[in-house]
Amino acid sequence: MDSALIPEGVKRCSPAKFLIFLGVVGAVLLWGVFAMLLCWIKGLNQTNMNDYYGFALWIWADLAVIALGGGAFFTGFLRYIIGKDELKNIINYAVLIGFICYSSALLILAIDIGQPLRGWFIFWHANVHSMLTEVAFCLSCYFGVLTIEYLPLILENRQLDRVPFFHNLSHNMHEIMAVFAATGAFLSFFHQGSLGGVSGVLFGRPFGYREGVFIWPWTFFLFTWSAAACGPCFTILITKITEKVTQKKLVKDNVIELLAKISGWMLATYIIAKILDTWYWASVTAPSKGFWLLDFYSNNPFYGPWILVLEVIICGVLPALILITESGRKSKTALLLAVILAVIGVSLNRWVMVLQVMAVPVMPFDSWYMYFPSWQEIATTVLPVAYGVILIGLSHRYLPIFPQEKELNPID
Amino acid sequence: MNKEHNKAKKFGMVIDLDKCTGCGSCMVACMAENNVPFKADETNKLDSITWMRVYKLTNGKSFPDADFCYLPRPCMHCEGEHGHSPCVSVCPATATDYSHETGIVSQIYTRCFGCRYCMAACPYHARYFNWWDPVWPEGMEKSLNPNVSVRMRGIVEKCSFCYHRYQLAKEKAYYEDRREIEEQEYQTACTQACPAGAITFGDLNNPEHAVHELKKNPNAFRLLERLGTNPKVYYISSREWVRLAGDNYLRQEGKSEKN
Amino acid sequence: MKVSRRTFLSIGSFIVGGAAGTALSPLPWKLTDDLSIWTQNWPWTPKPERGDVSYVNSVCTLCPGGCGLSVRKVNDRAVKIEGMKGHPVNDGGICILGLSGLQLLYGPTRVKTPLKRVGERGQGKFKKISWDEALAEAAEKLGALRAEGKSHTVACISGSAGGTVPQLLKRLLTAYGSPNFMSVPTMQDAYAVTLKQMHGIDACPGFDVENADFVLSFGSGIIEGWGSPVRMFKANSAWQDKKIKVVQIESNKSNTAAKAAKWIPARPGSEGVLALGIAHVMLRDGLYKKEACDGAAGFEDFKKWVADNYAPENIAAATGIQKETVESLAKEFAAAASPIALCGRGQGRTPGSQYEFMAVHALNMLAGNINKAGGVQIIPEPKYIAWTEPELDEIAQKGTASPRIDGAGSETYPHAKSLLNRLPQAILTAEGASPVQALLISEANPCYTLSDTQAVKKAFAKIPFVVSFSSYMDESAQNADIILPNHACLERLEDVPTFAGLSKPVIGLSKPVIKPQFDTKHTGDAVIALAKALGDKIAAAFPWESYEACLKETLGDKWEILNEKCFVAAEENIEAPLQFFTQECKTVSAEGDEKQYPFVLMPYDSIRLANGFIGNTPFLTKTVPDTVLKKNEMLVAVNPKSACGDSLSLKEGRSVMLTTPKGSAKVRVHLSEEIMPGVIAVPRGLGHTAYDKYLAGKGVNCNELIGPAEDAGSGLDAVWGIRAKLSNVSI
Ligand SMILES: Nc1nc2c(c(=O)[nH]1)N[C@H]1C(S)=C(S)[C@@H](COP(=O)(O)OP(=O)(O)OC[C@H]3O[C@@H](n4cnc5c(=O)[nH]c(N)nc54)[C@H](O)[C@@H]3O)O[C@H]1N2
Ligand SMILES: Nc1nc2c(c(=O)[nH]1)N[C@H]1C(S)=C(S)[C@@H](COP(=O)(O)OP(=O)(O)OC[C@H]3O[C@@H](n4cnc5c(=O)[nH]c(N)nc54)[C@H](O)[C@@H]3O)O[C@H]1N2
Ligand code: SF4
Ligand code: SF4
Ligand code: SF4
Ligand code: SF4
Ligand code: SF4
């Protein structure tokens, strides 16, 4: 039925099976769309956010998704700027995942703000002092870049490619992709950092606040660093999942291992920096504001010290150690464990830097409050996941995402 | 003297906690003056709009040594460093601003797009989001004050130091060909209503205004001074535990460092 | 279906081209802009109309405080209530209820037209009728009763006794032929009886708190709404400025206790005993004002009685207060130049124990502060209403001569003017038909405010005809047969006499700020119309053509000044000879068996909860802390160290059954160190069943859990608490 659209020389599941897949994920997507419409029409009273948790699940999802989408810029940076050529075999997928992550982030932001129809005021009435302004500008620009990076992939579809104009366009875009990759990397360094700055600049919130250089708190650099470290891990993880689902090998081990090795070293250096940051914050910054470390972690049923141990040791030090050792990378289980832990680690970091910042009482007579998202929040957070799965499904089916697929899965 | 007069104004409050009875008049005066909406259930204090909120502080001791004190909390109109109040510098759309002329932190409802970053930035929880459309039961919208616009769903609001009263006072002075307004011409609704006379409002920079002297009281303190928010609301309490409850201290600081 | 390349491409380019074309046109930018402008002007977000601003002075009638108001208007709308500067009661200050008065005025609880009941009693089903129909029906019912010789079975409950409207109601009853005019008793009534017994005169107490230099309060909620609330707030601030010592004797740490220099948590119910313990020390050590007391009637007997029974060491067990505390308290009190002792628990809305009032008043007498600056002023009731006595026809003469249903003024209760608390039992215990055949209710909500509300409602059910004059759909109006709605506060003209403990009573004029919003009628006019309809001598007793004419005539030359501001009743203090007492009254203990009910339940007052005939406004309820009300559930405060048996563990927020001999209710626990162990503090003012969605159904009415306790001395309700238990909620 749709065989004309499927790339040559690869095998895809039957249209029926694919439609069932689309139907199931599409149902989830529709659930999310329904919740999204509720939020837009009825307002944010549909959520369990409140005046204490003004930032909650969605902002976490935004930060996490952008960190995980960091695979795109960092792999691009390695491939086009540093010249790690092997990575051309995974760069398409990294770009696709990045595209999904960033479009999801923008969508979630559009749901999250109280006046979506005024969202553009952030550009029109921009306040240069605000980290969010920086985020908004870089995010939108980088989304544009990702679109440009994703476009030639679409044009490589068998049917589109036959049109000479599209063929040439796609070819020429590939030629100059290095320029976009460089722009993207630059923008990414910035907005990943500004996201880190979002809570880092809150001098009224000692849990989030960090000292730093000029207007940039240390979290600015830590966020970029951790996204560069963990983004590729997410690309690896999604590749592994895709291989599991499609039941075929799509990317050669040496490519994965190279990416894992670089991630490992990024993660290792990041976690050292993170530990230093935590130490300085706990022993200098926070005490100067009247807090000592455990004030941030006790007297509440959820945000215990375990969260710090889990983030830094189990999901930081441990995966870093696995990934920087050759045997760790070579062991399929260890590698998988490491990338999963790294992904959890960076997500947990973003959770803490959003939710715990809100939860820690600052006025001495204030209290800890807990928060659990409403179904509408959960549905709208699942919505981009469903959308991502569908986009991956469509892209994988109709576009030559994995250059090594033909070679690894010859059709006899 | 004359020079002092031409200085920029810095409106602020001094609230005497020894006098404050926790009666809540300030809260309601503010709601009535500023068209603050209400819902059938306002018991979830995490989504209940109270520009002025009266907190109850306790000394943590057991009966009969237990003691408590009320603390009214409007927006502190933080000056931060050079007007970089926590909330103003973070607003991406410049929907809230620090006025160097009055020291008042404004909130522009029609500009705000509801990202709530300012709420995350404010350690005093002085900012409130309009989670719902404001609804007045039929007929009750007659009591709305035309000097203050009603806020729509999806945006943030907070205490304005009754800025419209400043505007009215200035307008009146202008018509009467005066350049300055008198202390009594601009008073906030909460100050005016407080039956205990616990709130004093005025220009902290003006030696002729009562707040100028009051803020120098040895028992005066501000909330969370250590954060560097530089608030313009001062509190006075003769009770040491109350003064200490205004900020965070490490155990080894021995608690008596203040005063 | 197979997608051909051509179709695919043409659809594709159509979409892409269309999108690009639209994006390049001005349309999306214009739309984006328009949409954002639309969000700034949503048609469903109200836009208050601008207009001419004016201020109208008036007087608040939402509580007995009598504050002067200055109401801001924009065109014909009242937009803000503020305190009137320079008013002798509140001088610009205003309480939380007064501030939110516009929510009552414009609120959904107003009764908008005369109503006639169509459903069952209390069901709340009414139909609109015209004023002519309503008045005719009421007059017909009353006329019929009178014709049957049952004029004495008509009763009237009025929120207060003072002022022209209550007096018109009373006059109506008299001319009609009934002695049963009742006002809602408060601590003022207990004080009146006290003054009668201890000075032998009819008078009101005034407290010169502004000039006192030591304040000894026996549970008075000085900043909880006692007396004239705003005036007391101001006094409290003056004390803070002048560093005047306030000692609060109260089992729970109320706001007043927290502001006081010293808090003495005496066992609840033992306050009178403690007062006499202090008297003991003063008498023993000769610390009393000898020139005032020596030779006074009953002084020697009193001295001996107190010496024999109230030594500090002997009362320690009853009060829980150490001997040393009593000794030092007595010495401080006596040493002050102008000390004053206050009583009347909380807001003083229930009269309280005669014994306690007399014991506390004895302290004032011993301190020699009667009619002295900073002391207790003995003031005559303002006498500006001087109408000629109505001429009574035969029926009226007979009717008014019959005994009062509540027993007030009888041999048993000679000093009480009205004993509303005894009415429900009188109706319920009467054999045969109800002794009350018709009841008029004005500015009162007995179905909510009287102790043991269940019994009150049962008694009401036995009254065949109930007329309410309420402006609001309160619980009593809901139980009426006909509602003749009064203009609300700020819509009506009325004199407002304020005693409420002021050293000089103030008469204010509540002036209409806006035109009546609905088809309502001034109760004064309704009463005059009823009298006219009843005819003959009754009509003759009401010669005025309207209430306004009546008021003008009544006030005479004071009308002018009242219209300008208000006037201070200029009567001189009454000379008040001292009369001491011995064992005149007994302490009032909490109802219930101690074994079965290990706790003592004590209602507490808060200025943020209106608990009189006016219910909370939405703004008021909004300020109620979440430690008092959470969703629709009420929290009761309990000390975590309270012993409550093994089967129940006290935990913050836990649901429990609160049971008293009068009833039980599901509540939640709020653990508090401000409460004496063994006491359950229950907020007063919640648990309304009438009014609107902003008030109805929230919490429990504590009056349903406590019964009236008749004071042996006065017959007034002296209940201050009841024994109670907490148990697990059965699932
Ligand atoms: N229906 C209708 N809607 C309109 C218009 C109309 O004609 N009709 N006109 C439109 C136009 S042109 C405009 S400009 C907008 C105006 O709309 P708004 O911006 O809502 O203007 P105002 O209603 O004048 O009220 C502004 C609010 O901000 C407060 N305020 C003003 N300055 C300050 C300040 O410096 N600090 C603080 N803290 N508060 C301040 C005031 O007290 C007031 O409550 O309305 C638009 N909307
Ligand atoms: N008391 C008070 N006065 C105020 C203000 C206030 O808040 N209070 N606000 C001030 C402010 S912010 C503003 S902006 C001004 C607004 O004051 P104005 O500028 O007077 O605004 P409008 O009253 O809206 O009148 C605009 C006119 O333009 C007409 N019009 C509409 N569309 C068009 C069009 O396409 N072409 C032409 N030619 N005419 C059109 C309308 O019919 C209307 O007559 O008022 C100011 N004055
Ligand atoms: S009105 Fe005055 S006394 Fe009452 S709570 Fe507010 S500041 Fe305190
Ligand atoms: S109190 Fe909060 S809202 Fe007010 S100026 Fe300070 S940071 Fe901003
Ligand atoms: S919520 Fe409104 S005022 Fe606050 S930061 Fe966002 S745009 Fe600015
Ligand atoms: S200053 Fe005005 S806006 Fe601020 S709390 Fe007081 S009444 Fe409300
Ligand atoms: S104290 Fe009483 S009279 Fe005064 S404003 Fe409040 S409710 Fe009205």
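Residues numbered from 1 in each chain as written. Chains lettered and ligands numbered in written order. Predicted model: local features only at pLDDT ≥ 70, side-chain atom pairs only at ≥ 80, totals over all residues. Heavy atoms only, no water.

*Asks:* Give me the lowdown on the overall build of chain C, citing residues and values where you can.
*Replies:* Within chain C, the regular secondary structure consists of 25 helices and 26 strands. Taking the principal axes of its C-alpha atoms as reference, chain C extends roughly 120 × 70 × 55 Å. With 731 residues in all, chain C has 61% of them scored as buried. For chain C, restricting intrachain contacts to residue pairs at least 6 apart in sequence, the fraction spanning at least 24 positions comes to 73%. (Helix = DSSP H or I, 4+ residues; strand = E, 2+ residues; numbered from the N terminus. Buried < 20%, exposed > 50% of the residue type's maximum accessible area, 1.4 Å probe, protein only. Contact = heavy atoms within 4.5 Å.)

*Asks:* Describe the packing of helix α4 (residues 88–112) of chain A against helix α15 (residues 375–398) of chain A, naming the residues involved and giving the relevant values.
*Replies:* All names here are of chain A. Put simply, α4 and α15 touch, their axes get as near as 10 Å, and they point 150° apart. The angle between α4 and α15 falls in the class roughly antiparallel. Crossing of α4 against α15: the hand is right-handed. Contacts between α4 and α15 involve Tyr93, Leu96, Phe99, Ile100, Ser103, Ser104, Leu107, Ile108 and Ile111 on the former and, on the latter, Thr380, Leu383, Pro384, Tyr387, Gly388, Leu391, Ile392 and Ser395. Split by residue class, the contact of α4 with α15 holds 12 nonpolar, 5 polar and no charged. (Axes fitted to C-alpha atoms, helices over the stretch in contact; angles between N-to-C directions. Parallel < 35°, antiparallel > 145°, perpendicular 65-115°, else oblique. Left-handed = near helix turned anticlockwise from the far one by under 90°. Nonpolar A, V, L, I, M, F, W, Y, C, P; charged D, E, K, R; others polar.)

*Asks:* Describe a negative patch on the surface, naming the residues involved and giving the relevant values.
*Replies:* Residue and element names in this part refer to chain C. A cluster of like negative charges, contributed by Glu291, Asp294, Glu300 and Asp301, occupies part of the molecular surface. Topologically, aspartate 294 is positioned in the loop between α11 (290–293) and α12 (299–309). You can call aspartate 294 partly exposed: its relative accessible area is 40%. (Patch = residues over 30% accessible without salt bridge, like charges linked within 9 Å, V, L, I, M, F, W, Y side chains within 5 Å. Areas by Shrake-Rupley, 256 points an atom, 1.4 Å probe, with all protein chains shown as cover. Salt bridge = Lys/Arg side-chain N within 4 Å of Asp/Glu carboxyl O. Lys, Arg positive; Asp, Glu negative; His and termini not counted. Charge placed at Lys NZ, Arg CZ, Asp CG, Glu CD.)

*Asks:* Kindly report on a nonpolar patch on the surface, identifying the contributing residues and their values.
*Replies:* Residues and elements named next belong to chain A. A cluster of nonpolar side chains, contributed by Val28, Trp31, Phe34, Phe372, Trp375 and Ile378, occupies part of the molecular surface with about 590 Å² of accessible area. Residue assignment for the nonpolar patch shows that the elements contributing at least two residues are α1 (15–42) and α15. With 3 residues, the single largest contributor to the nonpolar patch is α1.

*Asks:* An account of the sheet that holds strand β5 (residues 126–128) of chain C is requested, with residue identities and associated values reported.
*Replies:* Each strand in a sheet pairs with its neighbour through backbone hydrogen bonds, running either in the same direction (parallel) or in the opposite one (antiparallel). Residue and element names in this part refer to chain C. The 7 strands lie next to each other as β5-β4-β16-β15-β14-β6-β7, forming an open sheet whose pairing is mixed. With partners counted over all chains shown, the strands left at the sheet margins are β5 and β7 (181–183), one partner each. Pairing between strand β15 (residues 465–468) and strand β16 (residues 482–483): 2 bridges, direction parallel. Along β16, the bridge assignment pairs serine 468 with isoleucine 483. (Pairing = 2+ DSSP bridges.)

*Asks:* Which residues make up the pattern of salt bridges, and what are the values?
*Replies:* Residues and elements named next belong to chain A. Throughout the structure, instances matching the rule amount to 65 salt bridges over all chains. For the salt bridge of lysine 274 with glutamate 311, the shortest nitrogen-to-oxygen distance reads 3.6 Å. You can see lysine 274 sitting in helix α11 (residues 253–288) and its partner glutamate 311 sitting in helix α12 (residues 306–324), a full 37 residues away along the chain. Using a relative accessible area of 6% as the deciding quantity, one classes glutamate 311 as buried.

*Asks:* So what's going on with the interface of chain C and chain B? Residues and values would help.
*Replies:* Across the contact, 68 residues belong to chain C and 67 residues belong to chain B. Counting across the chain C and chain B interface gives 7 salt bridges. Residue C:Lys80 pairs with B:Glu33 through a salt bridge whose shortest N-O separation is 2.9 Å. Taken together, the links from chain C to chain B amount to 30 residue pairs in polar contact (both at pLDDT 80 or more). (Polar contact = N/O pair within 3.5 Å; in protein donor to acceptor, adjacent residues only side chain to side chain.)

*Asks:* Can you break down the environment of C:Tyr176 residue by residue, with the values?
*Replies:* Residue and element names in this part refer to chain C. Secondary-structure assignment places tyrosine 176 in helix α6 (residues 164–176). Residue classification places tyrosine 176 among the buried residues on the basis of a relative accessible area of 2%. Separated by 96 residues in sequence, tyrosine 176 and lysine 80 have C-alpha atoms that sit 42 Å apart. Every residue in contact with tyrosine 176, bar those within four places of it in the chain, is listed here: Leu142, Leu145, Arg146, Ser151, Val154, Ala396, Leu534 and Ile538. A polar side-chain atom of tyrosine 176 sits 2.6 Å from the main-chain carbonyl oxygen of leucine 142.

*Asks:* Please give an account of the site of ligand 1 that cites residues and values.
*Replies:* The immediate surroundings of ligand 1 are formed by 13 residues, with B:Ser106, B:Ser149, B:Tyr163, C:Asn41 and C:Lys47 found nearest. More than one chain reaches ligand 1: the nearby residues come from chains B and C. One of the side-chain nitrogen or oxygen atoms of C:Asn41 is found 2.6 Å away from a nitrogen atom of ligand 1. Within the complex, the protein chains bury 50% of what would otherwise be the 910 Å² of accessible surface of ligand 1. Going through the elements one at a time, β5 (105–107) and α5 (163–175) of chain B are the ones with two or more residues in the shell around ligand 1. A class-by-class count of the residues in the shell around ligand 1 yields 3 nonpolar, 9 polar and 1 charged. (Near = heavy atom within 4 Å.)

*Asks:* Provide a residue-level description of the pairing of strand β3 (residues 77–83) of chain C, including the pertinent values.
*Replies:* Residues and elements named next belong to chain C. Of all 7 residues in β3, 7 are buried, a share of seventy percent or more. Sheet analysis places strand β2 (residues 68–74) next to β3, joined by 6 bridges and oriented antiparallel. Within the sheet, the bridge partner assigned to lysine 73 lies in β3 and is alanine 78. Between β2 and the antiparallel strand that follows it, β3, lie 2 residues; asparagine 75 among them carries a positive phi value of about 50°.

*Asks:* Please set out the nonpolar core residue by residue, giving values where relevant.
*Replies:* Residues B:Tyr117, C:Leu216, C:Phe218, C:Ile278, C:Phe302, C:Leu363 and C:Leu366 are the most contacted members of the largest nonpolar core, which totals 366 residues. At 16 residues, helix α14 (residues 332–359) of chain A tops the list of elements feeding residues into this core. Excluding residues within four positions of it along the chain, C:Leu216 makes contact with C:Val247, C:Ile249, C:Ile278, C:Leu329, C:Phe333, C:Ile340, C:Ala341, C:Leu342 and C:Leu363. In terms of nonpolar packing, the next biggest core, distinct from the first, is built from 43 residues, C:Val588, C:Val628, C:Leu629 and C:Met634 among them. (Core = buried A, V, L, I, M, F, W, Y, C linked by side-chain atoms within 4.5 Å.)

*Asks:* Which residues make up the packing of aromatic side chains, and what values do they have?
*Replies:* In the structure shown here, the tally under the stated rule is 65 aromatic pairs over all chains. Three or more aromatic residues joined by ring pairs make a cluster, and in this case those are C:Tyr288, C:Phe299, C:Phe302, C:Trp305, C:Tyr310, C:Phe580 and C:Phe581. Between the NZ or CZ atom of B:Arg53 and the centre of the ring of B:Tyr55, over which it lies, the distance is 4.5 Å. In this arrangement the basic side chain of C:Lys112 is found over the ring face of C:Phe518, its NZ or CZ atom lying 5.3 Å from the centre. (Phe/Tyr/Trp six-rings, centres within 6.5 Å; stacked < 30°, edge-to-face > 60°. Lys NZ or Arg CZ within 6 Å of the ring centre and 35° of its normal.)

*Asks:* Can you break down the pairing of strand β25 (residues 679–683) of chain C residue by residue, with the values?
*Replies:* Taken residue by residue, a regular strand's side chains alternate between the two faces of the sheet. All names here are of chain C. The buried fraction of β25 is high, at 5 of 5 residues. Residues Val679, Ala681 and Pro683 point to one face of β25 and Ile680 and Val682 to the other, with burial holding for every one of them. Taken together, the 5 bridges between strand β20 (residues 599–604) and β25 define a ladder with parallel strand orientation. In the sheet register, proline 603 faces β25, and the bridge partner there is valine 682. Both strand β22 (residues 633–638) and β25 contribute to a ladder of 2 bridges, which runs antiparallel. Within β25, the position partnered with alanine 637 by the bridge is alanine 681.

*Asks:* Quick rundown of the domain arrangement of chain C? Include the residues and the values.
*Replies:* Residue and element names in this part refer to chain C. When the domains of chain C are assigned, the result is domain 1 (5–106), domain 2 (115–186 + 401–501 + 518–558), domain 3 (204–379) and domain 4 (599–728). Taken over C-alpha atoms, the centre of domain 2 sits 30 Å from the centre of domain 4. Across the contact, 23 residues belong to domain 2 and 24 residues belong to domain 4. Summing both sides of the interface, domain 2 and domain 4 together bury roughly 2,000 Å²; the carbon and sulfur share of this comes to 51%. Run the count over domain 2 and domain 4 and you get 1 salt bridge. Between arginine 422 and glutamate 710 there is a salt bridge whose closest N-O contact spans 3.1 Å. One can count 17 residue pairs in polar contact (both at pLDDT 80 or more) joining domain 2 with domain 4. (Domains from an automatic or database assignment. Buried area = accessible area lost by both parts, 1.4 Å probe.)

*Asks:* Please set out the site of ligand 4 residue by residue, giving values where relevant.
*Replies:* Every residue close to ligand 4 is listed here: B:Cys75, B:Met76, B:His77, B:Cys78, B:Pro86, B:Cys87, B:Val105, B:Cys122, B:Tyr124, B:Ala126, B:Arg127 and B:Lys158. Looking at the shell around ligand 4 residue by residue, the class counts come to 9 nonpolar, 1 polar and 2 charged.

*Asks:* Outline the sheet that holds strand β1 (residues 11–16) of chain B, supporting the account with residue identities and numerical values.
*Replies:* Residue and element names in this part refer to chain B. On the basis of which strands lie adjacent, the open sheet formed by 4 strands has the order β8-β1-β10-β9 and mixed pairing. The open sheet has two free edges, formed respectively by β8 (199–203) and β9 (220–221), since each of these has just one partner strand. Bridging between β9 and strand β10 (residues 233–236) involves 2 bridges; their strand directions are antiparallel. Each bridged residue has a counterpart across the sheet, and for phenylalanine 221 the counterpart in β10 is tyrosine 235.

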